[in-house]
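Okay, here's what each chain looks like letter by letter:
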Amino acid sequence: QVQLVESGGGSVQAGGSLRLSCSTTGRTFLGYFMGWFRQAPGKEREFVAVISRSGMSTDYTDSVKGRFTVSRDNAKNTVYLQMNELKPEDTAIYSCAADRGEWSRRSLAHAYAYWGQGTQVTVSS
């Protein structure tokens, strides 16, 4: 069992930055690849970024490439999402997720077994 707790959300103006953190419990953090998803009001949940178990591989949705960076600190059981050059369309609830399954399914929300409660990010123009 893995419990995930996000933090770091808030309100910023366009062009600003935020860093989200996702802390996990359990001694098997290394066994999970970690994803970030977001859901804006009235929209479906959207894949944002993912990082492999070792941290050597990452993937991003096209709209955040070059602006967002996902990283993990396996000693702290924590994954991060650094968000720069934020835009109003980045406004959403951001959730982290963990899974031990196939890396090929990394962008599919239904492939993740464990989810955090989410943290709100609001970007004003």
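Sequence order sets the numbering: in each chain, residues are counted from 1 along the sequence as written. This being a predicted model, a pLDDT of at least 70 is required before a residue's local features are given, and a value of 80 or more before pairs of side-chain atoms are given or counted; all residues contribute to the totals for chains, interfaces and linings. Each side-chain value is worked out from all heavy atoms of the structure, with water and hydrogens disregarded.

Some details on the pairing of strand E9 (residues 92-99)
How we decide: When a residue's accessible area, from a 1.4 Å probe over protein chains only, is under 20% of the maximum for its type it is buried; when over 50% it is exposed; and in between it is partly exposed. Only DSSP runs of H or I with at least four residues qualify as helices, and only runs of E with at least two residues qualify as strands; both kinds are numbered from the N terminus onward. Paired strands are those between which DSSP finds at least two bridges.
Among the 8 residues of E9, 7 are classified as buried, and the element is accordingly described as predominantly covered. Note: strand E4 (residues 33-39) against E9, 7 bridges, orientation antiparallel. Considered in E9, the bridge of Phe 33 is made with Asp 99. Strand direction decides the pairing type here: E9 and strand E11 (residues 119-124), joined by 3 bridges, are antiparallel. When the bridges of E11 are listed, Tyr 94 appears paired with Thr 119. Relative to strand E10 (residues 114-115), E9 is paired through 2 bridges, and the arrangement is antiparallel.

Side note on the side chain of Ser 95
Stated formally: Any two residues whose heavy atoms approach within 4.5 Å at even a single point are treated as in contact.
Mapped onto the elements of the fold, Ser 95 is located in strand E9. Classification of Ser 95 by relative accessible area gives buried; the value is 9%. Those residues in contact with Ser 95 that lie beyond four places of it in its chain are Glu 6, Gly 35, Trp 36, Phe 37, Trp 115, Gly 116, Gln 117 and Gly 118.

Remarks on the packing of aromatic side chains
Our working definition: Stacked, tilted and edge-to-face pairs are distinguished by plane angle, under 30 degrees for stacked and over 60 for edge-to-face with tilted covering the rest, among Phe, Tyr and Trp rings (Trp via its six-membered ring) whose centres lie within 6.5 Å.
Tallied over the entire structure, the rule returns 7 aromatic pairs. Each ring, one from Phe 33 and one from Trp 103, has its centre 5.6 Å from the other, and the planes form 90°; the classification is edge-to-face. One end of the pair, Phe 33, is in strand E4; the other, Trp 103, is in the loop between E9 and E10, with 70 residues separating them in the sequence. Assessed through its relative accessible area of 25%, Trp 103 is described here as partly exposed. For the ring pair Phe 37 and Phe 47, a centre distance of 5.7 Å and an interplane angle of 70° mean the geometry is edge-to-face. A residue pair is termed long-range when its members are at least 10 positions apart, and Phe 37 in strand E4 and Phe 47 in strand E5 (residues 46-51) qualify at 10 residues. Given the relative accessible area of 1%, Phe 37 is considered buried.

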